[in-house]
Amino acid sequence: MAIPMSSLRFSRPVFWLLFLLMFSCFDRQIDPVPVLTFQANKVLFCNLESYCSNPVSSSIFIGIPTGNGTYLMQSGLISLSSSDPSVAETDGYNIITKKTGECTITAIQRAAPGYNAEGRKSYKLIVLPKLDALPELSWYQEQFRDVYVPFYQGAGDSIVNPIINSIPPGQKITYSSSDAGVASVSAEGLVKCHNVGQATIKAELMEKPGVNRYAYASYKVIVDPTPVITFSEGNSYTCTMGSSETFANTWTTSIPAGGPVGVFLDTYFASIDFFGEIREIRKPGKTLVYFVQEAKHGVNARGVGIYELTILPPKPTLEFVQGAEYTCSTITGGCKNEVSYSYWGLFDYKDHISYASSDETIATVSDEGIVNPIRAGEVTITATLAEVPDKFQECTGSYSLTVIDYPIPVLELSYCWGGCSVTCQLGNNSYVCEMDIVSDVPQGGAIVYSCSDPSVATIDSVTGVITPIKIGHAMITATQLEVPGVNGAASKTMPLNIY
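It should be emphasised that the depicted structure is a prediction, and the values quoted were computed from it without experimental measurement. (Residues numbered from 1 in each chain as written. Predicted model: local features only at pLDDT ≥ 70, side-chain atom pairs only at ≥ 80, totals over all residues. Heavy atoms only, no water.)

## Focus on the overall build of the chain
Inference 1: Scanning the chain from N- to C-terminus turns up one helix and 42 strands.
Inference 2: In terms of C-alpha radius of gyration, the chain reaches 57 Å, well past the compact-globule figure of 23 Å for 499 residues.
Inference 3: In terms of principal-axis extent, the alpha carbons of the chain reach across some 195 × 65 × 35 Å.
Inference 4: Buried positions account for 36% of the 499 residues belonging to the chain.
Inference 5: For the chain, the accessible area works out to roughly 29,100 Å², and carbon and sulfur atoms hold 55% of it.
Inference 6: Of the side-chain charges in the chain, 31 are positive and 47 negative, and the distance between the mean point of each set is 30 Å. (Helix = DSSP H or I, 4+ residues; strand = E, 2+ residues; numbered from the N terminus. Rg over C-alpha atoms; globule rule 2.2 N^0.38 Å. Buried < 20%, exposed > 50% of the residue type's maximum accessible area, 1.4 Å probe, protein only. Areas by Shrake-Rupley, 256 points an atom, 1.4 Å probe, with all protein chains shown as cover. Lys, Arg positive; Asp, Glu negative; His and termini not counted. Charge placed at Lys NZ, Arg CZ, Asp CG, Glu CD.)

Structure below.
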């Protein structure tokens, strides 16, 4: 049944109230409700004492950048709440698990007039028991893990690389090798390499409920072949100081395409080049020479060749001033063929030289090398230098001695006795330049003359007359020939000066 408008009667105040109410409803702006979304929108599982997170985002996020990486928020802030703080509580932003059980976590975005209305979103949180610890095993040489670089080794090498973690009481690390023929590992983690190839060394910590979960770590070992370095003269080599000989103990390697080779020794004793030739010998003694071929990954392991170098002190050669043949007369008496001290420093050790005669019935010899002829005959006189540690090796020298029972002449220049020389002037024919030698056995053999350098002067072998050729120096020798039973051979050499 229709009610006529005329029957509706309002008092004046009520009318105006209804009018204002209708006007405000038409004029009012309604803010949008944000849509909140969780990473896990329905259920989240967390373990006690573990990090628990479920990030939330909003469809309405309005902020003014402050310039330092933050925003001055215009839209409402979001906070979290828990339906059961005894299971899990929240400080408004983070979740802290307290005990096993279930609760509801609600995210609330506060209303911000003009930007957003209040928004809510919830999910179920299930808190599970605490997980056992999962240890992260660490090697002593942490850089050698299979995710980085492997160990490159040679057969016979060892690797010290145990696990260094603190192990839970009652637990232990178990080590194993994927190929013990290549590399084996002890209970303490010491690895020994045996043959060329690859092996993985693994360390395991077994699970123990309530204490720890199963954990393992591993690294790889690559065993390259080890080069064999050999030497041309073997593993011991001897050289002598002062020798003109070239000393070398050259090397070869079984892997020529492998790593570079270097040589090392104590340079106090000697220096040596890359090829093995000894360049400079400095001190007598013994030292080791190392030739090291460096590792070349995938080709060869590090290889070392060693030989012992023995450096002997100098070994002088004992020679004699009068040569290897010498004559001594029983009439003249004592004679001496002096040792020639040709090696530097040998003279300082002349007291270390001893002498011996091969037949003391023909001639004896004193400690100073003076010969005492007894009867005619031939003997060998030997001089021996005893070893002087770190200075000289023992050495010997000898000469053949002929003992005669007739005199050996003494030759002298007729116009000068003692240390004289012969002097001639080139182109001066006003006098005869000659070497006039007299002998104390004039009835003996003939005297003949010779010149050491005919380009400077010539000499008549019979008369001793000298013909100058050019300015210079030479040696003139006069020799009285031996006449058996009368005299032995004798000679005298003097300097000749042509000016």
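## Notes on the state of the cysteines
Inference 1: Under the definition given, this model contains three disulfides.
Inference 2: At a sulfur-sulfur separation of 1.8 Å, the disulfide partner of cysteine 46 is cysteine 52. Taking the torsion about the S-S bond as the criterion, the cysteine 46 to cysteine 52 disulfide, at about 75°, is right-handed. Here cysteine 46 matches cysteine 52 in class, with each residue buried.
Inference 3: Disulfide partner of cysteine 328: cysteine 335, at an S-S distance of 2.0 Å. (Disulfide = S-S within 2.5 Å.)

## Observations concerning the packing of aromatic side chains
Inference 1: The tally for this structure, following the rule as stated, stands at 16 aromatic pairs.
Inference 2: A ring pair is formed by tyrosine 326 and tyrosine 399, whose centres lie 6.0 Å apart and whose planes are at 80°; its orientation type is edge-to-face. One end of the pair, tyrosine 326, is in strand E27 (residues 325-329); the other, tyrosine 399, is in strand E34 (residues 395-404), with 73 residues separating them in the sequence. With respect to class, tyrosine 326 is no different from tyrosine 399; both count as buried.
Inference 3: These aromatic residues form a ring-pair network of at least three members: Phe231, Tyr237, Phe247, Trp251, Phe274, Phe275, Phe291 and Tyr307.
Inference 4: For the cation-ring pair, lysine 202 lies above tyrosine 216, with the distance from its terminal atom to the ring centre recorded as 4.9 Å. (Phe/Tyr/Trp six-rings, centres within 6.5 Å; stacked < 30°, edge-to-face > 60°. Lys NZ or Arg CZ within 6 Å of the ring centre and 35° of its normal.)

## A closer look at the side chain of lysine 492
Inference 1: Tracing the chain through its elements places lysine 492 in strand E42 (residues 490-498).
Inference 2: For lysine 492, the residues in contact, after removing those within four places along its chain, are Leu411, Glu412, Met435, Ile476, Thr477 and Ala478. (Contact = heavy atoms within 4.5 Å.)

## A closer look at the pairing of strand E23 (residues 278-281)
Inference 1: Both strand E22 (residues 270-272) and E23 contribute to a ladder of three bridges, which runs antiparallel. What sits directly across from alanine 270, in E23, is isoleucine 281.
Inference 2: Linkage of E22 to E23, two consecutive antiparallel strands, is achieved through a turn of five residues, within which glycine 276 is found at a positive phi near 105°. (Pairing = 2+ DSSP bridges.)

## Here's the deal with the side chain of threonine 287
Inference 1: As for its position among the elements, threonine 287 is in strand E24 (residues 285-293).
Inference 2: Relative accessible area serves as the criterion here: at 10%, threonine 287 is assigned to the buried category.
Inference 3: Setting aside its immediate chain neighbours within four residues, threonine 287 contacts Asp266, Phe269, Tyr307, Glu308 and Leu309.

## Let's talk about the nonpolar core
Inference 1: Of all hydrophobic cores here, the largest spans 26 residues; its most connected members are Leu413, Val422, Met435, Ile437, Ile466 and Leu496.
Inference 2: When residues of this core are traced back to their parent elements, those giving at least two are strand E35 (411-413), strand E36 (422-424), strand E38 (447-451), strand E39 (457-459), strand E41 (472-480) and E42.
Inference 3: A per-element tally of this core places E42 first, with four residues.
Inference 4: Excluding anything up to four places from it in sequence, isoleucine 437 contacts Leu411, Glu412, Leu413, Ile447, Tyr449 and Ala478.
Inference 5: In terms of nonpolar packing, the next biggest core, distinct from the first, is built from 23 residues, Val339, Tyr355, Val388 and Tyr399 among them. (Core = buried A, V, L, I, M, F, W, Y, C linked by side-chain atoms within 4.5 Å.)

## Structural notes on the environment of glycine 101
Inference 1: By secondary structure assignment, the location of glycine 101 is in strand E9 (residues 101-109).
Inference 2: For glycine 101 and valine 438, which are 337 residues apart along the polypeptide, the C-alpha to C-alpha distance reads 140 Å.
Inference 3: Contacts of glycine 101, omitting those with residues within four sequence positions, involve Val87, Leu125, Ile126 and Val127.

## Some remarks on the pairing of E42
Inference 1: Sheet topology note: the E36/E42 ladder contains three bridges and is parallel. Looking at the pairing, valine 422 lines up with leucine 496 of E42.
Inference 2: Of the pairings in the sheet, the one linking E41 to E42 comprises nine bridges and is antiparallel in character. Bridge pairing links histidine 473 to asparagine 497 in E42.

## Notes on the sheet that holds strand E21 (residues 261-264)
Inference 1: The strand order E19-E25-E24-E21 describes an open sheet built from four strands, whose pairing is mixed. The sheet terminates laterally at strand E19 (236-240) and E21, the two strands that pair on one side only. When the angles between neighbouring strand axes are averaged without regard to direction, this sheet yields 25°.
Inference 2: Sheet analysis places E19 next to strand E25 (residues 303-312), joined by five bridges and oriented parallel. Pairing of serine 236 across the sheet is with glutamate 308, part of E25. (Axes fitted to C-alpha atoms, helices over the stretch in contact; angles between N-to-C directions.)

## Details of the pattern of salt bridges
Inference 1: The final tally for this structure, using the stated rule, is 10 salt bridges.
Inference 2: The salt bridge partner of lysine 492 is glutamate 412, with a shortest N-O separation of 3.6 Å. Here lysine 492 is found in strand E42, whereas its partner glutamate 412 is found in strand E35, with 80 residues between them in sequence.
Inference 3: Residue class for lysine 492 comes out buried when judged on its relative accessible area of 18%. (Salt bridge = Lys/Arg side-chain N within 4 Å of Asp/Glu carboxyl O.)

## Regarding the sheet that holds E34
Inference 1: In space, the four strands of this open sheet follow the order E27-E34-E33-E30, with mixed pairing throughout. Among the strands making up the open sheet, the edge pair consists of E27 and strand E30 (353-357). Neighbour-to-neighbour, the strand axes of the sheet open up by a mean angle of 30°, direction not taken into account.
Inference 2: Relative to E34, strand E33 (residues 377-385) runs antiparallel, the two being bridged by nine bridges. By the bridge assignment for E34, threonine 380 is matched with serine 400.

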